[in-house]
Amino acid sequence: QKEVEQDPGPLSVPEGAIVSLNCTYSNSAFQYFMWYRQYSRKGPELLMYTYSSGNKEDGRFTAQVDKSSKYISLFIRDSQPSDSATYLCAMSYASGGSYIPTFGRGTSLIVHP
Amino acid sequence: GAGVSQTPSNKVTEKGKYVELRCDPISGHTALYWYRQSLGQGPEFLIYFQGTGAADDSGLPNDRFFAVRPEGSVSTLKIQRTERGDSAVYLCASSPSEGDTQYFGPGTRLTVL
């Protein structure tokens, strides 16, 4: 079993839909939780960053962390075709001063007009 | 300002050959990371530099892989005796300091025939 599990999709939704993306993890030491967006043939780009449990909102994006369930989510409201990309969850903890993230495999999202 | 750049963007080589992949981080960023991303997977950590020294090389798969950052800026990932299983996208990221947001380059797509 991998430390971070993420459904690869693809997830196909119509424009304007609310999208829910999720990851589960097994290592209770994880403290920092991130969501990256990766367009085809590009590097990942950080979207959201959360420390410990709770919610964080930024425009159309909301990140949720439930450490008791080892479950994190990213919600995208009013989805747009430009949101079509692969979304990677990542998480890390401080280990000897290092915060190397462990990534999920990514979920491919397709928003069709 | 300029982002992280990686050269070449694509590299095709034959099994057994030696390759070098270059990463130019964002100016002033002291932390530099190398990852490997196989098709349909998330980035997998290889090595992390803080300044000129390798602070964590626990992700290097074997001794065929080596990386340097002699002046604390540009980094080169070196792969000896390449194998077909080394085919992947090699991503470089930099951050202002350890633990800060990582900014990724577009990657080098390595194909070993």
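From a predicted model like this one, the values you see are computed outputs, not experimental measurements.

A few points about the pattern of salt bridges
Stage number 1. Enumeration over the complete set of coordinates arrives at eight salt bridges over all chains.
Stage number 2. Between E57 of chain A and R77 of chain A there is a salt bridge; the shortest N-O distance is 3.5 Å. Residue E57 of chain A is located in strand β6 (residues 54-58), and its partner R77 of chain A is located in the loop between β8 (71-76) and β9 (85-92); the two are separated by 20 residues in the primary sequence.
Stage number 3. Here E44 of chain B and R36 of chain B are joined by a salt bridge, their closest N and O atoms 4.0 Å apart.
Stage number 4. Given a relative accessible area of 42%, E44 of chain B falls into the partly exposed group.
Stage number 5. It is possible to trace a salt-bridge network through shared partners that takes in R64, E83 and D86 of chain B.

As for the sheet that holds strand β8 (residues 75-79) of chain B
All names here are of chain B.
Stage number 1. Spatially, the four strands line up as an open sheet ordered β1-β3-β8-β7, and their pairing is antiparallel. Both outer strands of the open sheet, β1 (5-7) and β7 (65-68), are each paired with one neighbouring strand and no more. Each neighbouring strand pair of the sheet contributes to a mean axis angle of 15 degrees, computed without reference to strand direction.
Stage number 2. The pairing of strand β3 (residues 19-24) with β8 spans five bridges and is classified as antiparallel. Residue pairing for β8: L21 is matched across the bridge by L77.

Considering the pairing of β6 of chain A
All names here are of chain A.
Stage number 1. Pairing analysis gives five bridges linking β6 to strand β7 (residues 61-66), with the strands arranged antiparallel. Residue pairing for β7: K56 is matched across the bridge by A63.
Stage number 2. What sits between β6 and β7 in their antiparallel hairpin is a turn of two residues, with G59 showing a positive phi close to 65 degrees.

Quick look at the sheet that holds β6 of chain A
What links the strands of a sheet is backbone hydrogen bonding, and the strands pair in either a parallel or an antiparallel sense.
Residues and elements named next belong to chain A.
Stage number 1. Spatial ordering of the open sheet is given by β1-β3-β8-β7-β6, a layout of five strands whose pairing is antiparallel. Unpaired on one side and paired on the other, β1 (4-5) and β6 mark the two borders of the sheet.
Stage number 2. Two elements, β7 and β8, share six bridges in a ladder whose sense is antiparallel. If you follow T62 over to β8, its bridge partner there is F75.

Observations regarding the interface of chain B and chain A
Stage number 1. Counting residues at the interface gives 20 residues for chain B and 17 residues for chain A.
Stage number 2. Buried area between chain B and chain A, summed over both chains or domains, comes out near 1400 Å², and the portion from carbon and sulfur atoms is 53%.
Stage number 3. In this assembly, chain B and chain A are joined by zero salt bridges.
Stage number 4. Counting across the interface, chain B meets chain A through four residue pairs in polar contact (both at pLDDT 80 or more).
Stage number 5. Secondary-structure elements contributing two or more residues to the side of chain B that touches chain A are β4 (31-37) and β5 (44-50) of chain B.
Stage number 6. Broken down by element, the side of chain B that touches chain A gets its largest block of residues, three residues, from β4 of chain B.
Stage number 7. Residues of the side of chain B that touches chain A, tallied by class, amount to eight nonpolar, nine polar and three charged.

Here's the deal with the state of the cysteines
Stage number 1. Inspection of every chain in the model, using the stated rule, returns two disulfides over all chains.
Stage number 2. The side chain of C23 of chain A participates in a disulfide bridge whose partner is C89 of chain A; the two sulfur atoms lie 2.0 Å from each other. An S-S torsion of about -100 degrees defines the bridge between C23 of chain A and C89 of chain A as left-handed. Within this pair, whereas C23 of chain A is found in strand β3 (residues 19-25), its partner C89 of chain A is found in strand β9, the two being separated by 66 residues in sequence.
Stage number 3. The buried category is assigned to C23 of chain A, whose relative accessible area is 0%.
Stage number 4. Disulfide pairing places C23 of chain B opposite C92 of chain B at an S-S distance of 1.9 Å. Disulfide C23 of chain B-C92 of chain B: the torsion about the S-S bond is -65 degrees, which places it as left-handed. Taken together, the residues C23 of chain B in strand β3 and C92 of chain B in strand β9 (residues 88-95) connect sequence positions 69 residues apart.
Stage number 5. Residue classification places C23 of chain B among the buried positions, given a relative accessible area of 0%.
Stage number 6. Looking at C92 of chain B, the relative accessible area reads 0%, which means it is buried.

Conventions we followed
- Residues numbered from 1 in each chain as written.
- Chains lettered and ligands numbered in written order.
- Predicted model: local features only at pLDDT ≥ 70, side-chain atom pairs only at ≥ 80, totals over all residues.
- Heavy atoms only, no water.
- Salt bridge = Lys/Arg side-chain N within 4 Å of Asp/Glu carboxyl O.
- Helix = DSSP H or I, 4+ residues; strand = E, 2+ residues; numbered from the N terminus.
- Buried < 20%, exposed > 50% of the residue type's maximum accessible area, 1.4 Å probe, protein only.
- Pairing = 2+ DSSP bridges.
- Axes fitted to C-alpha atoms, helices over the stretch in contact; angles between N-to-C directions.
- Contact = heavy atoms within 4.5 Å.
- Buried area = accessible area lost by both parts, 1.4 Å probe.
- Polar contact = N/O pair within 3.5 Å; in protein donor to acceptor, adjacent residues only side chain to side chain.
- Nonpolar A, V, L, I, M, F, W, Y, C, P; charged D, E, K, R; others polar.
- Disulfide = S-S within 2.5 Å.

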